[in-house]
Every structure is written in C-alpha cells, then in structure tokens.
Amino acid sequence: MAGVALQLHTIAFNVKSCRARHPGRKLDMCTAEVTASLLQVEETFSACLARIDALILKPLLQAEPSDQKGKENFKLFLLLNDRFQALWDLTEENYRRLKQKCSTSESFCIQDIYTVWKGDLFLNLYIQYFVTFANYVVVHGFEHATKSKSEAWKHHKTVLKQFLTDFTSETSMSLALYTVLHKPIRDHIEQYILLLTKLNEVLKESSVKDVVTSAIKEYAKLESFISQVLDEACFTKSLWKSLGYKFTDMLCVPERRLLEDSKNLPVSSSMNRSDRILLFDDVLVLIQGNSFQSFDLKLVWVDENCREKSAPGLYGLRIITPEETFLLSAKDPQMKAVWEWKLNQAVRQALNGKRDFPLWGETGEGSKPPSCRFFTYVFRLEGRFKSASYEGEWQWGKPHGKGTLKWRDGRNHVGDFKDGLEHGFGICLVPRQSEDRYDCYKCHWSEGKMRGYGICEYGNDMVYKGYFKDNLRQGFGILEKFSAEHPFKYTGQWENDKKNGYGVWEDKDRGERYIGTWLDDHKHGQGIVVTQSGVCYQRTFQADKMVGSGILLLEDDSVYEGNFTEDLTFVGKGKLSFANGFILEGTFTNKSGQGLQTHGILNTSSEQLEDRITKAQLGLEEFPVEKRWKGIYDQFLEFIHSGCKEETEESFTGFHIQTSKELRKSQEYLFCQRGTEDVSWRREDILEELAQHQGLESLHSYLEKALKSSLHPLGKLLKALTIAFQATYSGIGANRHLLTMAQEEVKYYAKKIWEFYQGLLHLALEQKGQLPAKCVDGDTSDQNARSVVLPLILPCFYPELFMLYMLYHEREDDLYCQGIVDLSLFPDIKLLEFLDVQKHLWPLKDLTLTTNQRRSLIKDKCFLSATECLQKLITTVDPREKLVILQNTYEEIETTVSRVVEKDYKLPMDDLLPLLMYVVSRAKIQHLGAEIHLIRDLMDPTNQGGLYDFLLTALESCYEHIQRMRVRQRENCHVTHSS
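Residues numbered from 1 in each chain as written. Predicted model: local features only at pLDDT ≥ 70, side-chain atom pairs only at ≥ 80, totals over all residues. Heavy atoms only, no water.

The chain carries the name ALS2 C-terminal like in an unreviewed UniProt entry, which gives Falco tinnunculus as its organism.

Take the overall build of the chain next. In terms of helices and strands, the chain carries 28 helices and 27 strands. The buried share among the 979 residues of the chain stands at 51%. Counting only contacts in the chain whose residues sit at least 6 apart along the sequence, the fraction spanning at least 24 positions is 54%. As presented, the chain carries roughly 47,200 Å² of accessible surface, and 50% of it is formed by carbon and sulfur atoms. (Helix = DSSP H or I, 4+ residues; strand = E, 2+ residues; numbered from the N terminus. Buried < 20%, exposed > 50% of the residue type's maximum accessible area, 1.4 Å probe, protein only. Contact = heavy atoms within 4.5 Å. Areas by Shrake-Rupley, 256 points an atom, 1.4 Å probe, with all protein chains shown as cover.)

As a further point, take the packing of helix H5 (residues 119-138) against helix H10 (residues 207-242). Across the interface, H5 lies against H10 with an axial gap of 9 Å and an inter-helix angle of 10°. The angle between the axes of H5 and H10 places the two elements in the roughly parallel class. Taking contact as the criterion, the partners of Gly119, Phe122, Leu123, Tyr126, Ile127, Phe130, Val131, Phe133, Ala134, Val137 and Val138 in H5 are, on H10, Glu218, Tyr219, Leu222, Phe225, Ile226, Val229, Leu230, Ala233, Thr236, Lys237 and Trp240. Tallied by class, residues from the contact of H5 with H10 come to 18 nonpolar, 2 polar and 2 charged. (Axes fitted to C-alpha atoms, helices over the stretch in contact; angles between N-to-C directions. Parallel < 35°, antiparallel > 145°, perpendicular 65-115°, else oblique. Nonpolar A, V, L, I, M, F, W, Y, C, P; charged D, E, K, R; others polar.)

What follows covers the packing of aromatic side chains. By the definition in use, this model includes 55 aromatic pairs. Taking 5.6 Å as the distance between ring centres and 10° as the angle between the ring planes, the aromatic pair formed by Trp240 and Phe280 counts as stacked. Here the residue Trp240 occupies a position in helix H10, and Phe280 occupies one in strand S3 (residues 276-280), the gap between them amounting to 40 residues. Among the residues examined, Phe280 registers a relative accessible area of 0% and is labelled buried. Arranged with centres 5.6 Å apart and planes meeting at 55°, the rings of Tyr502 and Phe623 form a pair that is tilted. (Phe/Tyr/Trp six-rings, centres within 6.5 Å; stacked < 30°, edge-to-face > 60°.)

This brings us to the pattern of salt bridges. With the rule as written, the count across this model stands at 40 salt bridges. Among the salt bridges present, the one from Asp303 reaches Arg318, with a minimum N-O distance of 2.9 Å. Taken as a pair, Asp303 in strand S6 (residues 301-303) and Arg318 in strand S7 (residues 315-320) lie far apart in primary sequence, 15 residues in all. Linking Glu422 and Arg384 is a salt bridge whose minimum nitrogen-to-oxygen distance equals 2.7 Å. With Glu422 in strand S13 (residues 421-431) and Arg384 in the loop between strand S9 (372-378) and strand S10 (389-395), the pair connects residues that are 38 residues apart, well separated along the chain. Linked by salt bridges that have partners in common, Glu232, Asp281 and Arg355 make up one network. (Salt bridge = Lys/Arg side-chain N within 4 Å of Asp/Glu carboxyl O.)

What follows deals with the sheet that holds strand S1 (residues 258-261). Read from one edge to the other, the open sheet built from 4 strands follows the order S1-S3-S4-S5, with strand pairing classed as antiparallel. Two strands bound the open sheet, and with one partner strand each, they are S1 and strand S5 (291-296). The mean angle between the axes of side-by-side strands here comes to 20°, regardless of whether they run parallel or antiparallel. Docked against the sheet, H10 engages S1 and S3, running at close to 60° with respect to S1. Strands in contact with helix H12 (residues 333-352) are S1, S3 and strand S4 (283-288); relative to S3, the strand with the most contacts, it is inclined by about 40°. (Pairing = 2+ DSSP bridges.)

Of the strand pairs in this sheet, strand S20 (residues 512-519) and strand S21 (residues 522-531) are connected by 7 bridges, and their pairing is antiparallel. Looking at S21, one finds that Leu519 is bridged to His522. Counted along the chain from S21 to the antiparallel partner strand S22 (residues 536-542), the turn is 4 residues long, and its residue Gly534 has a positive phi close to 105°.

Another aspect to go through is helix H14 (residues 630-641). Between its first and last C-alpha, H14 extends 16 Å over 12 residues, near the 16 Å set by a 1.5 Å rise per residue. Among all positions in H14, only Gly631, Ile632, Tyr633, Gln635, Phe636, Phe639 and Ile640 are buried. Once H14 ends, the next one or two residues include Gly643, with phi positive near 85°. (Expected span 1.5 Å × (residues − 1).)

A separate point is the sheet that holds S7. Taking strand neighbours across the sheet as the criterion, the 4 strands line up as S2-S8-S7-S6 in an open arrangement whose pairing is antiparallel. Each of the sheet's edge strands pairs with one partner strand only, and the pair in question is strand S2 (268-269) and S6. Direction of pairing for S2 relative to strand S8 (residues 325-330): antiparallel, over a ladder of 2 bridges. The residue bridging Ser269 from the neighbouring strand is Leu328, located in S8. The strands touched by H12 within the sheet are S6, S7 and S8, with S7 carrying the most contacts at an inclination of about 20°.

Another point: a nonpolar patch on the surface. A surface patch of nonpolar side chains, amounting to about 240 Å² of accessible area, comprises Met909, Leu947 and Phe950. Positionally, Met909 belongs in helix H26 (residues 909-923). The exposure class of Met909 is partly exposed, given its relative accessible area of 33%. (Patch = residues over 30% accessible without salt bridge, like charges linked within 9 Å, V, L, I, M, F, W, Y side chains within 5 Å.)

With that settled, consider the state of the cysteines. A full pass over the atoms with the stated rule returns 0 disulfides. Here Cys440 stays unpaired: no disulfide links it, and the sulfur of Cys456, its closest cysteine neighbor, is 7.4 Å away. Among the residues examined, Cys440 registers a relative accessible area of 10% and is labelled buried. (Disulfide = S-S within 2.5 Å.)

To continue, consider the pairing of S5. Relative to S5, S4 runs antiparallel, the two being bridged by 6 bridges. The residue bridging Leu286 from the neighbouring strand is Gln293, located in S5. What sits between the antiparallel neighbours S4 and S5 is a turn of 2 residues, in which Gly289 has the positive phi angle 60°.

Note that Ser174 resides in helix H8 (residues 173-180). Taking the relative accessible area as the measure of exposure, Ser174 reaches 15% and is therefore buried. The residues contacting Ser174, other than those within four sequence positions of it, are Phe142, Glu143 and Thr146.

Further remarks concern the nonpolar core. Among the nonpolar cores identified, the biggest contains 79 residues, and Ile528, Leu690, Leu714, Ile753, Ile793 and Leu801 are the most heavily contacted of them. When residues no more than four places from it in sequence are discounted, the contact partners of Ile793 are Leu707, Leu718, Val746, Tyr749, Ala750 and Ile753. By size, the runner-up hydrophobic cluster in this structure holds 77 residues, among which are Leu80, Leu203, Phe247 and Ile287. (Core = buried A, V, L, I, M, F, W, Y, C linked by side-chain atoms within 4.5 Å.)

Take the packing of helix H9 (residues 183-202) against H10 next. Helix packing geometry: the angle between the two helix axes and the distance between the axes. Running from N to C, H9 and H10 point in directions that differ by 160°, and their axes come no closer than 10 Å. Looking at the two axes, H9 sits roughly antiparallel to H10. For the pair H9 and H10, the crossing hand works out as left-handed. Contacts from Arg186, Ile189, Glu190, Tyr192, Ile193, Leu196, Thr197, Leu199 and Asn200 of H9 reach H10 at Lys209, Val212, Thr213, Ala215, Ile216, Tyr219, Ala220, Leu222, Glu223, Ile226, Ser227 and Leu230. Along the lines of polarity and charge, the residues of the contact of H9 with H10 split into 13 nonpolar, 4 polar and 4 charged. (Left-handed = near helix turned anticlockwise from the far one by under 90°.)

Looking now at the environment of Val463. The topology assignment puts Val463 in strand S16 (residues 462-469). Taking the C-alpha atoms as reference points, Val463 and Ile478, 15 residues apart in sequence, are found 8.0 Å from one another. Excluding residues within four positions of it along the chain, Val463 makes contact with Ile455, Cys456, Glu457, Tyr458, Ile478, Leu479, Glu480 and Phe482.

Our next topic: the environment of Leu314. If you trace the backbone, Leu314 turns up in the loop between S6 and S7. Looking at Leu314, the relative accessible area reads 29%, which means it is partly exposed. For Leu314 and Ser268, which are 46 residues apart along the polypeptide, the C-alpha to C-alpha distance reads 9.6 Å. Beyond its immediate stretch of four places on either side in the chain, Leu314 contacts Ser329, Ala330 and Lys331.

Positioned with a positive phi, Asp557 is a non-glycine residue whose angle comes to about 75°. Of note, Asp557 is situated in the loop between strand S23 (545-553) and strand S24 (559-564). Even without a glycine there, the phi angle at His927 is positive, about 55°. Judged by its relative accessible area of 29%, His927 falls in the partly exposed class.

On to the environment of Tyr798, then. Positionally, Tyr798 belongs in helix H21 (residues 778-808). Sequence-distant contacts of Tyr798, defined by excluding residues within four places in its chain, comprise Met803, Thr876, Val877, Lys882, Glu931 and Leu934.

For the chain, mean pLDDT is 83; residues scoring 70 or higher make up 84% of the total. Within the model, pLDDT remains below 50 along residues 1-27, and this stretch shows 70 contacts once partners closer than five positions in the same chain are excluded. Under a pLDDT of 50 for its full length, residues 666-679 has, in the predicted model, 22 contacts with residues more than four places off or in other chains. (pLDDT = per-residue confidence, 0-100.)

And the structure:
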C-alpha cells in the first residue's frame with residue numbers, strides 16, 4: 001500500500017537527569033497562579049471534550065452506514081473516536097492530579113505538572129489524534145457522516161447547531177464538524193504554550209527551567225505539525241475532488257498526502273508528455289489522459305546534476321527509477337529548486353518510514369536521501385529481468401551490491417550486482433526443463449555474464465570446474481560425471497562451451513585415457529590413448545574416429561606400426577617388432593572365427609630391440625609443451641594485465657578450490673575478512689613484498705611461502721598446474737612412454753612461474769615509481785627457472801613424475817636389484833676384495849669382534865656412516881638436496897679412508913669407484929636408476945661439469961657396473977646350464 005506510516009514522535013525532556021539531580025524540587029510560590037490557571041484550563045477543556053463526545057461522537061457512532069464506502073469511512077471514524085477518548089482520559093488524569101495537589105499542599109514539584117513531566121505522552125496522543133483526523137478529512141469523512149439517514153443523528157442536528165455558536169446558519173454541517181473536532185484542541189495547545197511560557201518566566205536558571213523550556217519548544221513544534229497536517233489533508237482532499245473517479249479509486253488512500261502538484265507549481269515531464277505531475281508522500285504520479293504511472297519514492301533518485309539538455313528556457317531535473325529515467329523541467333531555477341527540495345525530502349522521509357516533526361520544519365532541511373538503499377522490486381518492462389523480483393541493495397536506480405534475483409520460471413541468482421547487472425561472485429539456479437532438477441552455477445560474473453572461474457553442478461550428475469566467458473565455458477576447465485552410468489572426466493581447453501584444443505579425457509568404464517586435441521566436443525587431430533592394461537598407442541582422429549596409421553606399444557615391449565581398430569586388432573599393412581628383435585612386416589587381416597592372419601615377411605636376424613623403440617616417447621612433436629594448458633597461463637596473464645586487481649583475483653585463479661562450499665568460503669575471505677594464514681597476501685602486501693625480496697636468498701624464501709599458500713596468486717597457479725598434471729599422468733596415465741612429456745612439462749611449469757613472477761615484480765616496481773631491471777635473455781631466465789623455481793614446485797609433481805621414471809627404468813632397476821642381492825651375500829672383507837678395493841684402504845678397525853666371531857664373516861660394518869648417508873637419497877625430492885647427500889657420502893668415504901691411512905687422503909677415481917660401489921651395494925637403494933636419471937634431468941644446469949656432475953657420473957657408473965656384473969653372472973649360469 002502507498003503511504004508511509006507516521007511513527008509516533010517521542011520527546012526527550014531530560015526528565016530523568018532532572019529527577020536524579022533535583023528529586024522533588026519545590027517550585028516557588030509565585031508559580032501558584034500559573035498552576036491555578038492550568039487547573040482551570042484543564043477543567044474547561046475536559047468539559048468541552050465531554051460535550052463534543054455527547055453531542056457529536058456518540059450520535060455519529062450510532063449512525064453506521066450500509067454502503068461499502070461508508071463502512072470503510074466508519075472504521076476510520078471509530079479509530080478517530082478511540083484517539084479522542086485517549087486524549088480526554090489524559091486530560092482528566094492531569095486535572096485530577098492538579099486538583100488533588102492544590103487541595104493537599106501549598107507547594108508544587110515539576111512532577112505534579114503532567115503537561116511537562118509526561119510531555120512525551122501528551123505529544124504522542126495529540127499526534128495520533130491529528131494524523132487520524134487528517135486521514136478522515138482526506139476521504140471526505142465528515143461529508144459522508146452528515147449525510148447519514150440515522151434517526152439518532154437527525155435528532156441531534158438541532159442541538160448540535162446550538163453548540164456551534166461560532167458559525168452562521170449558512171455554514172455547512174460538514175465544515176462545522178471539521179471545525180469543532182480540531183479547533184478546541186488546537187486552542188488548548190496554545191493555552192498550554194502560554195501557561196508554560198509564564199511558568200518559565202518565573203523560574204530561576206536550573207535544570208527544571210531547562211525541562212520547561214524544552215517542553216515549550218516541543219509544543220510549539222506540535223502546533224506547527226498540526227497546522228501542516230491539516231493543510232496537507234485539505235490539499236489532498238481537494239485533489240481527490242478534482243480528479244475523476246477512476247484515478248481516485250486507484251490512488252486514494254487515507255494515509256496518502258499530496259505534497260506538490262504541477263498545477264500549483266508548474267513543471268513538465270519528458271516522458272510521454274504527461275498532463276499532470278503529482279508528488280505524494282509515498283509515490284510520484286505522472287498522469288497522461290486516462291492513464292497514469294506511479295513510482296515508489298523508495299526507488300526514486302533525484303539527480304540535480306543533470307547532463308541531459310532540457311528545452312531552451314527550461315531547467316531540468318533528472319528522475320531515475322529502476323526501469324525508467326525521465327526529465328522534469330521547470331521554467332525558472334526557483335521552481336526547479338522547490339521541486340528538487342520537496343522530492344528529496346519526500347524520498348528521505350519515505351525511506352525513514354516516518355514523516356519529519358514538524359513535517360517541513362527547519363530541522364534537516366538540507367539533508368538528502370542516501371543513494372544506496374535496500375528494497376524489493378518486481379521488474380515489469382521487457383528485458384532479461386521481466387517479471388523477476390529483486391531484493392537487495394540499490395544505487396541510482398539499479399541493483400548494486402548484494403542482492404537476490406528471482407524469476408517466475410524458478411531461476412534465481414544470489415550474489416553481487418553492479419550498475420544493474422550481475423557482477424562479482426554469484427550463485428545462480430536454473431531449472432532443467434525435462435527434470436525436477438537444477439543446474440547450479442557458483443561463478444564470477446562480469447556485466448551480467450559469467451566470466452572467470454566457477455563451479456557448475458549440473459542436474460544430470462555432472463560438475464564443471466573451470467573458466468567461463470560470456471556465459472560459455474571458455475579456457476581451462478574440468479568436466480566430470482560421477483553417476484554409475486558412463487562416468488568420465490575431461491580436463492582441458494574449452495572454446496564456445498565445447499571441448500576445443502588440448503585436453504585429457506578419462507573413460508572410467510573402458511579404463512582408458514585420451515591425451516590429445518579436440519574440435520567441437522570431438523577427438524580431432526593427434527591423440528595418445530593409454531589403457532589400464534598398459535597398452536599405449538598414438539593415432540590421428542577425426543570426429544572421434546581413428547584415421548590413418550599409428551603406433552601401438554604393447555605391454556610385452558612389442559611395437560606395432562600401422563593401422564588397427566578400436567579394439568586394437570591389426571588391419572591392413574603394418575610392421576610388428578617383437579621384444580626379442582624379430583620383425584614381422586606385411587598385411588594383417590582378422591576374419592571371423594579364424595583369428596588374426598598375416599601375409600608378410602618375418603625377419604629373425606635382428607638382435608633385441610633398442611630402447612628407442614621399446615621405450616619410445618610419445619607426444620613430443622605432436623603436443624609442443626608451450627601449447628599445453630594454454631588456458632591456465634592465459635587466465636593468469638589476464639590477471640597480471642588487469643593490474644592484479646584484488647576484486648578480480650579469485651575469478652582468474654580459482655583452482656585451489658576443490659568444492660563449491662570452499663568456493664563460497666573463498667569469497668568470504670576475498671571480500672569480507674582475511675583467512676587464518678600467518679602471512680597476509682593482500683594485493684598491496686604482495687606487490688610491496690615482491691619489491692623487497694629481490695636478493696637470491698630472500699627471493700627463495702619468499703617464493704617458497706608464496707607457492708605453498710593457497711591465497712597467493714602464484715600458489716593458486718601452481719595448484720591449477722598440479723591438477724592438470726595429475727589428470728594426465730596419474731593412475732591410468734602412469735605409462736613409461738609419457739615420461740619425456742611429463743618431464744619437459746614440469747620444466748616448462750617452472751619457466752612460466754618464473755615469467756609470471758617477473759611480471760608481478762615489474763608491476764610492483766612500476767607502482768613504486770622504480771624502473772624495472774632490463775629483461776634478461778632467454779638462457780638466463782631458463783636458468784633461474786631451473787635453479788630457483790623448479791626445486792620449489794617439484795614436490796607437487798614428484799609422485800607422478802617419479803612413478804614414470806620407475807616404469808621407464810624398471811628393467812634396468814630389476815637387474816640392478818638382483819645384482820645388489822648377489823653382493824649382499826658377501827661379508828664386508830670378501831666384498832671389498834671382490835670389488836678390488838686396495839687393502840690399505842680397508843677399515844678393519846671398524847670390524848668389532850664378539851666372542852667366537854670371525855672377522856671374515858662380519859657384514860654391514862665397513863663405511864657404515866657413508867652407507868647411512870647415501871640411504872637418505874630417497875628422503876627428499878629436491879635434486880639439489882639429493883646431490884648434497886651424494887657429496888656428503890663422498891666426504892664420509894674420504895673421512896673414513898683418511899682415518900684408516902691416518903692422513904688426509906684425496907681419493908683418485910680408481911680408488912673412488914670401488915669404494916662407492918661398496919657403499920651403493922650396502923645402501924640397497926631401490927629404483928636407483930630412476931633416482932639417478934631424475935637428478936640428471938632436473939638438476940641445476942650450473943652444476944654440469946662440476947663436482948656434483950662428477951659424483952653423479954660416478955654413481956651412474958656404479959649402477960651400470962652392478963647391472964653388467966649381474967648380466968655376466970646370468971650368462972655364465974646359462975653357459976654352465978647348457979653344458
């Protein structure tokens with residue numbers, strides 16, 4: 001309903017403070033005259049109210065009308081009567097108290113004068129009465145009442161006329177009723193003011209005088225308030241009389257007041273050439289012909305700084321509402337100023353939910369309504385929001401801030417809005433047409449469209465985590481289906497809501513993983529398929545179909561090159577290379593019931609296949625490392641190019657979040673309060689610290705913290721890369737033919753993270769007004785990436801990467817382990833002798849004997865410190881630390897030898913290798929080949945040619961020598977067995 005409920009005004013008279021400081025203070029004897037006058041005034045007024053009640057109110061209460069309009073007015077009159085009775089009761093109580101005090105005491109306290117002591121109660125009752133009285137006036141209540149056909153009313157008409165002595169016989173009865181029900185009460189308030197003024201004049205300066213002074217001011221405001229209320233009521237009543245029944249029926253509400261009329265103060269509208277503009281206390285109405293438009297004042301903004309030009313000679317005022325904006329034009333600046341002031345005051349009071357006291361007083365005269373508001377509105381015009389309900393924050397006529405948008409079809413959006421559109425984080429529910437389910441988008445929005453990172457939980461048991469652009473999946477993303485029927489997972493590039501570019505598809509039903517390129521949701525281009533059984537092949541695809549020839553790598557190390565079907569059946573021309581070196585080349589067929597047949601040549605002259613064939617590495621040329629996961633890098637680049645704006649950080653780098661619940665929590669962190677991490681990662685802190693940590697040691701410490709944090713942009717980037725890496729190489733993807741792909745991918749990650757660090761540093765220095773350092777060349781950048789970043793990020797990829805190294809070197813490591821088992825059977829002295837370690841280097845003193853123990857049988861005692869040191873090789877993932885452990889092992893060997901020979905002894909290569917082989921055999925490190933090659937591939941390039949490189953080469957020589965020993969032993973056994 002239009003109209004703002006007038007809340008009761010409560011006056012603070014400072015009575016409590018007065019009571020505390022001067023309890024029961026007696027008034028001077030000179031106030032007795034004032035008190036006596038007040039008693040007489042209350043007695044006269046009470047008698048007047050009694051006559052009004054008897055001669056007017058009671059007869060009217062007996063004249064209840066039968067028509068609908070009359071019944072509505074009668075309810076209002078009943079309320080008016082209640083207000084009148086409450087006023088009368090309070091007057092009677094004040095009179096009785098004064099009379100009792102006059103008869104029992106010669107002195108008075110301020111508490112005895114209810115008009116002052118309980119002034120707030122008096123004021124509230126008067127306000128209630130006159131507001132209700134004005135409501136009755138607005139709906140022509142007195143006119144309807146005097147037309148009553150009640151016998152009781154007719155009987156009292158004669159008596160009533162005698163009571164209305166101030167009016168001539170020509171005065172209308174309705175006007176007489178109007179006057180008699182407000183004039184005596186207004187006169188009585190004037191008498192209150194006069195008597196309180198006299199009382200104030202005789203009081204000395206004190207807190208009591210302050211209380212009386214305050215009361216006088218409030219009663220003066222009440223007088224002004226009543227005058228304004230009645231003026232507004234008469235102004236509004238005249239309007240309803242002048243308008244047609246159609247407008248009156250739709251707009252007339254008892255509580256609604258007309259504040260300004262364009263017929264009274266001319267102003268015109270730019271919208272539809274409105275005939276008349278009416279400003280009420282709750283709505284702005286534009287009338288054109290037989291129709292009108294109304295605008296709730298709570299959602300009206302007045303822009304006095306209007307840029308739109310009015311017609312020549314006119315002064316414009318722009319009115320902004322949720323769906324329409326128009327111009328009010330006045331002929332002179334004074335008229336414009338009056339309308340602007342009245343509009344602003346009406347809007348402000350409507351927002352406050354109450355009228356001012358007095359209505360248009362000086363207090364708050366210059367204040368304007370806030371531009372930011374909270375309200376509910378239903379959109380009605382054509383557009384995306386048609387029929388939608390928005391509840392939330394507004395600014396200048398548009399949803400702005402937090403809010404909830406609900407459509408009739410079940411869609412709803414909860415989140416951030418900016419300039420009337422979804423902008424920032426939001427959760428959107430979209431019902432599915434064919435099912436009783438919803439698609440739930442928890443995403444970032446920009447200018448009304450999904451943009452940036454989000455999580456979509458579809459109603460068909462699929463979940464998408466990734467990036468959006470213009471409401472479409474775009475960039476890097478993960479789509480996963482969890483249902484029992486055809487579960488799958490896709491991790492890769494999206495374009496225009498479809499799988500496009502490089503991506504990884506895992507078919508959980510078939511136990512297969514496809515790594516390759518896509519076009520419009522289909523496998524298209526080069527692709528690698530890895531199966532759960534260990535089979536791996538590379539083919540060309542077109543629209544999900546294999547075309548042309550490919551390479552098929554079987555689990556028994558056989559390699560097939562040619563054409564084959566989806567169930568891996570050889571067809572057409574092909575070449576099959578067996579692990580033992582035999583090669584079958586020809587045409588393959590597979591007839592029903594006859595099995596696989598071939599016509600070709602079998603070559604048995606070759607020896608065992610080379611590693612380059614059995615360990616062939618796939619995808620290197622087909623999928624250049626710089627073209628993989630481009631969607632992740634592009635998002636981070638966009639974040640840097642935006643100036644690292646904090647409000648956009650989450651939308652660009654959100655993959656540290658795993659669940660939609662975490663997504664909401666991350667928004668609370670981002671926009672409300674910081675997390676519990678010790679380090680603050682606000683944008684300002686990030687850029688400030690970057691500029692401070694440029695030294696190598698300081699930088700290493702900073703990057704270590706940043707990459708481990710889920711709140712730092714670099715940490716979020718690393719999380720996204722980790723997810724992509726695991727999607728490719730974990731589980732089914734753990735295949736030795738993918739090792740080089742994985743290895744170069746990790747190196748490239750380090751390179752890109754270093755580049756992004758440089759970009760952040762460049763931005764930080766620019767914002768501090770410092771000149772960034774000149775760009776380093778590519779080789780230096782790669783070196784920094786390998787030496788600084790790679791060791792820090794390697795733990796994230798190590799489990800999958802080392803598994804690939806183990807699979808690749810599985811055969812060599814098996815041979816090495818068998819050799820270690822053979823060597824472990826030797827006692828220490830026998831093993832030293834077997835390995836040709838010079839006797840003067842044997843640490844015989846370390847062979848502590850117990851009773852009945854022979855020195856030649858003791859094991860695992862020599863070079864024990866070096867052995868224990870080397871065993872730590874598997875406790876770290878960092879190639880640097882592994883090399884340090886290797887160096888420490890070498891130093892422990894040298895220390896032991898120096899102790900044996902009783903002088904500093906630098907081991908030559910001829911002495912080192914046998915001793916190191918002894919330590920290696922006793923350390924019994926599994927997968928040593930995988931360890932050595934991982935260190936070799938990922939070590940800092942600056943270590944090449946140095947001590948670390950020398951020691952690693954020595955360890956590699958020991959590893960290969962142990963394998964050769966085992967091969968020779970196997971061959972000797974084979975010869976002996978043949979003999």
